[in-house]
Structure formats: C-alpha cells, structure tokens
Amino acid sequence: MSDMSDEDTNLIDDKKEARVNEIAASSIRSGLAELELKTSQVLQRLESVKATPMAVNTITSPHSLANTTADTAVNSDKVLAVLHGDRKAPSEILKSLELLISYTESDDDSEFPLPALDDVSHLALISHSIVAYLSHLDRSQLKRITARIAGDTTHWLGALFRFVDASSSFHNDNTEATLRTVRLAIIARCPGYLEGGIPALAHPCFYISENTTPIRLQYACRQLGIPLDAIRLISTNNTFGTMDLSVLQKQIQIDLAAQRTPLLVVADIGDSLYGYVDNLIRMRDICDTYNMWLHATGHGLASVACSQGPGLISSVVDSLILNLGSWLGLPSLPTVLMHRQQKNDVSAVEFDHILSKRLNSLALWTSLQALGRDSISGRIHVAFQTCSILFEITSKCEGVRVVSRAPGAQSSTPLTEIINKPLDINLLFDVVSPVVVFQFDGSVNISTAMTSENDTKGPDLTKTFEKNNNASYFDRLNSWLGQILQRDFPNFNFEVVEHATHGNCIRYCPLELRLGEQPPTAENIEQFAENLESHVDILRATIKHKATFIDLVEKNGVLRLVNLPEWAGMGGVRFVPEGWETLLTDQAKTELNKLNMNLVEALKTTDNAFSLGEGSDGLICVRFGMVTHETDVEELLDLVVSVGKNVQENSRVLDTMSEIVKKGIETAIADLRRETEEKLWQEGILRHVPVVGRMFNWWSPPPKETGVKGRSLNLTQGVVESTENIYKYHMQMSGPVNQLPPNKSPPTPIVQTSIISSTPSSSSVSSLLPGNKKGYVTTSVAVDETTADNTDIDNSAISNNNNYDSSNA
C-alpha cells in the first residue's frame, strides 16, 4: 500500500477541521437558539400581563416597601428578614415580577403596562440578553466578535448618514455621548490632556444656544472637574430662533482676551423643544478660524438618511449624535456618537473603549439588518412628511398659532425635491422640521353685541378679550385642548409644553417614538384635521361669549362672578340671595354652600355644561363649561337665576314644614302625657300598682273605650287630633272613606289641639306644599299611645299617609 500524497493529507486535514468547525457552530447555534427561546417566552409572558391590582400577600407594594426600608433603618435586625431564607424557583420569581409590573394604584387603568412588540423590537430586546451571554467569552474571542459587530455597525451608519472614515461609540443616553464628545474635543485641542490632565487645559469654554438645555454639558463638566462657568449660553436670533453667530464670535474673542481656550461649539439641529436649526456652514467657518470642535445634535440629523444625492456631512461637523432608538421606535437601541478619527495615537484616543460597551452595538447591528436601508430612510421620511402636513393643518386653522419653525422657512422647497440632489446641509435642514408646536391664540376683538338681524336682545356692548391681558386663562384653554387631543389621538403622542414667551403650547414630534410606535397614517391625519377644527371652534365660541358672560354677571343682583384659576370653561358664578352677603357667618356660609350645591344638581338635569366648583374662598359655585356659537349666555344665566330662586323657595318650604312637624310632635306628646295623668286619677292608683292592679282589674274590669287615644297631625287645619277614626274606619282623614255611606262624613275626633298660634295658618301651609291640589295635604305625623311615656321622638314617627294601607293599622 503506497503512501498518501501531501495533497491527500491536506484534504483529510481540511475535512477534519471543517468537521470540528461544524460541530462548534452547531453547539453555538443550539445554545443561542435555547437562549432566544427562553427570552422570547419571558417577553411573551410580560407582554400579556394586564394591569390588575396586585395581591397584598403575594408581593409588597412600593409604598409598603418604602415603609419597610424605613423600619429596617431603625432596627438593624430586620435587615436580615428582608430577603427570604429559602430558594425560589425561576418561575416563581418571574411570577412575582409580573405582579410587580401589573401593580397599579388606580383600578380604572385596565390597559397593558407593556407595549406590544413587533419582530424588530423583539429581536432588539433579545440582543441584550445575547450581549450578557457573550460577555463571558474568552477575551480574545470577545475582542474579535466585538470588533466585527461594532465595525459593521459603524460602517453602515457612516454610509447611511454620510459620515465617512468615522469612529463611533455607543452609549445609554445623550448625556454619556456628550461627555464623550467633550473628551474628544479636549484631546483634539490638547493632546497632552491624557497624560497631564486638567493642568494641560487652560480654562476651556463651551458654546451652546440658549434654546438648548445645558444639562448634558453641565454633567460633562462635573465628571471632568471643569467649572460650570465654562459653559457659554449664546443668545438667539429673534427671527429664526437660531444661535446668533455675531454674538458667538464676540464671546470667543472676549474669552481669548481673558486667556481662555474656546474648545467646543454645540450646534442645535432640531434638538431644542421647538425644532430650531443653526447654520452649520457658518459655524464650521468660525470653528476653523479658532480651532474649535463642532458638534451637532438633534432630530434634524435624521433627515440625512433620506438624502440620495452625493455629499458628506463629515466635511462640516466633527461629531454628531444619532438617536436611532427614538427615531425608529426602538428605544432599546443605544445612542450612537459618530466622530472623525483622531490624528494622534488611536489607542490613546480610545482609552475608555471597554469591550462590553462596544458589544452593546449588537442590538443596533441586528436591528439595522432587520430593517434595511430603504425601510429606515422610508420611516424617517414619513416622519418629516407628517410634520409638514401637520404644520399646514394647524397654520390654516383659524385661531391657532404655530410657534415652531416652519418647514422651508427660508427656501420654501419641499423635501421630495431635494433628496435626489447633491447634499446641501443648510438647505436640507431648513426644509425639514422635526417638531410642530402650536397653541390656540384668541387675542382678537370680540363684539358681545348680537349682530344677527333677528336678534335684538340686550344692549350693544363691545369688549376686548385679548390673550395679553388673560394669559393664564389661555394657558388653561391650551391645556384643555392638549388633553382632548391626547385622549382622541394617542398615536400622535401630543404633549403640553410651556413656552417661555407664548405660554402653554401643544407639541408633536414623530421622531420621539416609544417602543412599538409608528408615525400616524393618512387616515389619522385626516381625522385630526376634522377634530382640531371642531375643538378650536368650541374654544373660539367660549372666548367669544366669555366677555358677554362677565358683563351680564356683574350686572346681575343675585349672581357673583367667581375666579377659578384651574378652570378652562366659560367661568363660574355663585347664587347669593339678596341680603346674604351682609350676614356671611359660618352658619350662613354653610347654608349658602348647600343652596348652591342643590342648584348645581338641579341644573345638571337640564344641561351637562353645568358642574360643581369651588372658589378660592372655599365657597361652592356653579361652573359653566365650554359652549358653542349658538349658545345664548343671557338665557343660561336667567336659567340659573330662576332655578336658584326655586331651590331657595323649596328650601324654605322644607324648613317651614320641619318646624310644623316638630311643633306637632311636641303638642302630641304633651296631650298624651296630660291624658295619661287624667286617666290615672280617674281610674285610681290601685289599677296601676303591680300585682294588686291585676287583681283589681280582674275583680272590676275597666271600660274598653277609656284607653288613651293616639295623635295625628292634620296639616290642612294645623291641629293635633286623636286617631280613633283612623283605627276604627281604617281610613285617612282626607282620603276616600271605605266604611261609611256616601252621604255621611266621619265624626269629629274627640281631641283636637290647635298649633296655629306658633305656626303658619292652614291656608299658608297648604300653599307651601308643592303639587298640593284642592287642599289634599298628604304629609302627617301619627303618634300612638305607646309613645306617651317616651319624650324622644325620632324621624320614624313621620310617615306619608298617601301610602297608608289597612295593613298599617
């Protein structure tokens, strides 16, 4: 048998190596598949958790946990009892986690606390589990995997956002990315900073627009030991809201003269609350002149992914931040800082590049491949188109003012016309607008006179209800409008923000998506346009009638205008009867509150626009809600006055009737006591002595008709009379008689005691009763002889004889 050739030997070795690699790949594949399966199962369980009240005996609520922590701080022995002694199964731990997530303090919230996941979101979340899994690999192997994943991600993002030869770092949020940017700017300007630290840096200065929050730069200064006065807030141009570059140049020259080091300029590309965009080209010239680092941040940078023509953004900026998680609705993705490579030693520049941080790009690596370039650019393009359409809708709505930057404010060119042209940074950022901020602005002259030819009611009055004089009220109107839009259009993600100049505004940003969210569809936008017009029309009508409302209330004798700082409706009034304001004691205030509460209850039956309110003085009032143009304010106020007077009269009837009933009960008790005493003397004391009385009554029985009669209150005549007719004929005094011939009337009661001396006359009493016809008074008080010895008569003695039945005897 001849020896094998070298070629055959190499072939056998290759097969063996391939078999070994295949076995290793299969084991890794099975391990990752098992991890993916378990992670998917956990995510699916959490995704289906509903917000139900958490059982107290299963898991501790946040409040009780805080109390437990406070208690353990007092008694150190309790610290050992916080953690259970026995081991728990993973399924039990996950169950407790589900209960913790589902816990809610409000029983009304029945929505899912966790959003639904699509395929890309599911993949991104699984990638985080794989990152934790891969971080335990051998360092050399981990370094190789990390370099490949981070390198691919950087290359793809560089091509997508036109940043060639870029380096990148991946962070949890913008704050960490800004800290990294400051370090890069320091290293670029002062290479000795890595070895010499702060002494090598002579008083650095950072420049940022006053429209942009300085919190991130302040965090970086604290981390690097740089004083906060190094941050320079540059004023803005009043026309476009951008950084005033002439002021920037003056400030740089002042700092140079003071032996300071101008180091970093932060450009706002839609990062501010209102989407302002700074002039990057002019900023680049200034930074080149003074050897400064130019950093860009904001949602406007996403528009670079839509551009299809040639051109690079890396020729303009030194670094930029990409919030792909927010732009694509995948918040699990890391924030990416892309920057130009340093000329000095790469190892020194990347002194803080830890492998685990670089490996965090795995979620981004998988998501970019799952979406693809066209899908990413398409989503971003739809977001900017949505902003453009919303800007057009809000700007054309009468009474609505847009306070954010208009798309194409300087060029008036649509986005679709420039995406295929060579990349022009300033033109692109001017055309797109990442946010729309608007508010209801009703500062117009309003005539309260009725201009209709058919309406001649009231005097001709002209009022001016301007926003400048009623800013707080218009803030409440915009808060109301924002809450209504949030309720009706949850997929728009509206938020109410406070503008330093214009007050409360409504902000929409389609590039701040939460997990699983997508920009609204064309149907959603059409519905929004219709609803916005209807809601704004209500606001216009409300401020139109408010001037009339205030004027009519001020002229009314029994209505008082009430200031409601938190109410966005037409206003509040309080019904105050004449003469009450001079006697506003504590008891009078209580009665006034009760009167207005009853008034509101009565008004609610006619119109839901009325509600119960409370003024700053603590007194109850009637609140008027939003109204329409057809609303007759004078008629509404007349309704309040008339209903208020009726409620006041009814309360007087009840008070009068209660006095009558009270006096009748007192008279009945006095009659029964007197009759009992007379009976005692007539029959003799022996009949009432125990044991002896029973023998005496047996020997000489008392007459059957000599018992003490009960008493009833006859409201028609104002007398307390005996009840023998009620028990004898099973009838009411003024009702139908069942046991008497038609031509006979019941006999007069044996006892009749008048109470007219201390109560109104019978005719006046009858007139006070609502619905009383022909003298048939239905309310009476019956006191039986069994109550003769009881001086305390409660409300159970009061009955309604209309419901009297023979069974009641």
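Naming follows an unreviewed UniProt entry, where the protein appears as Pyridoxal-dependent decarboxylase domain-containing protein 1 of Glossina morsitans morsitans. The Cofactor (unreviewed entry) field of the UniProt record for the protein holds the comment "pyridoxal 5'-phosphate". What UniProt states about the protein under its Sequence similarities (unreviewed entry) heading is, verbatim, "Belongs to the group II decarboxylase family."

Draft legend 1. Up close: the overall build of the protein. Within the protein, the secondary structure is distributed over 24 helices and 22 strands. Put simply, the protein has 809 residues, and 43% of those count as buried. The long-range fraction of contacts in the protein, counting pairs at least 24 apart against all pairs at least 6 apart in sequence, stands at 73%. Of the accessible surface of the protein, which amounts to about 43,800 Å², a share of 52% is contributed by carbon and sulfur atoms.

Draft legend 2. Focus on the pairing of strand β13 (residues 503–508). Buried residues dominate β13, accounting for six of its six residues. Two elements, strand β9 (residues 436–440) and β13, share three bridges in a ladder whose sense is antiparallel. Looking at β13, one finds that V436 is bridged to Y508. If you look at the hairpin formed by strand β12 (residues 495–499) and β13, you'll find three residues sitting between the two strands.

Draft legend 3. Representation of the confidence of the model for the protein within the structure. Mean pLDDT over the protein works out to 75, with 66% of the residues at or above the 70 mark. The low-confidence segment residues 345–352, where pLDDT is below 50, has 14 contacts with residues more than four positions distant or belonging to other chains. Between residues 444–464, whose pLDDT stays under 50, and residues either more than four places distant or in other chains, the model counts 26 contacts.

Draft legend 4. Geometry of the sheet that holds strand β4 (residues 261–268). Strand order across the open sheet formed by seven strands is β1-β7-β6-β5-β4-β2-β3, with mixed pairing between neighbours. Because the sheet does not close on itself, it has two edges, and the strands there are β1 (166–171) and β3 (231–234). Taking the axes of each pair of neighbouring strands and ignoring which way they run, one obtains an average angle of 20° across the sheet. Sheet analysis places strand β2 (residues 204–209) next to β4, joined by five bridges and oriented parallel. When the bridges of β4 are listed, F206 appears paired with L264. Across the sheet, helix α6 (residues 174–189) is in contact with β1, β2, β4, β5 (293–297), β6 (319–322) and β7 (335–340); its angle to β7 comes to roughly 15°.

Draft legend 5. Focus on the side chain of T146. With respect to the element layout, T146 can be found in helix α5 (residues 139–160). Among the residues examined, T146 registers a relative accessible area of 3% and is labelled buried. Reaching out from T146, the side chain makes a polar contact with the backbone oxygen of L142 at a distance of 2.7 Å.

Draft legend 6. Main features of the environment of V641. Mapped onto the fold, V641 is located in helix α21 (residues 633–683). Other than its neighbours up to four places away in sequence, V641 contacts N556, V558, L559 and F575.

About the cut-offs
Residues numbered from 1 in each chain as written. Predicted model: local features only at pLDDT ≥ 70, side-chain atom pairs only at ≥ 80, totals over all residues. Heavy atoms only, no water. UniProt positions renumbered as here; feature names shortened; annotations may be inferred. Helix = DSSP H or I, 4+ residues; strand = E, 2+ residues; numbered from the N terminus. Buried < 20%, exposed > 50% of the residue type's maximum accessible area, 1.4 Å probe, protein only. Contact = heavy atoms within 4.5 Å. Areas by Shrake-Rupley, 256 points an atom, 1.4 Å probe, with all protein chains shown as cover. Pairing = 2+ DSSP bridges. pLDDT = per-residue confidence, 0-100. Axes fitted to C-alpha atoms, helices over the stretch in contact; angles between N-to-C directions. Polar contact = N/O pair within 3.5 Å; in protein donor to acceptor, adjacent residues only side chain to side chain.

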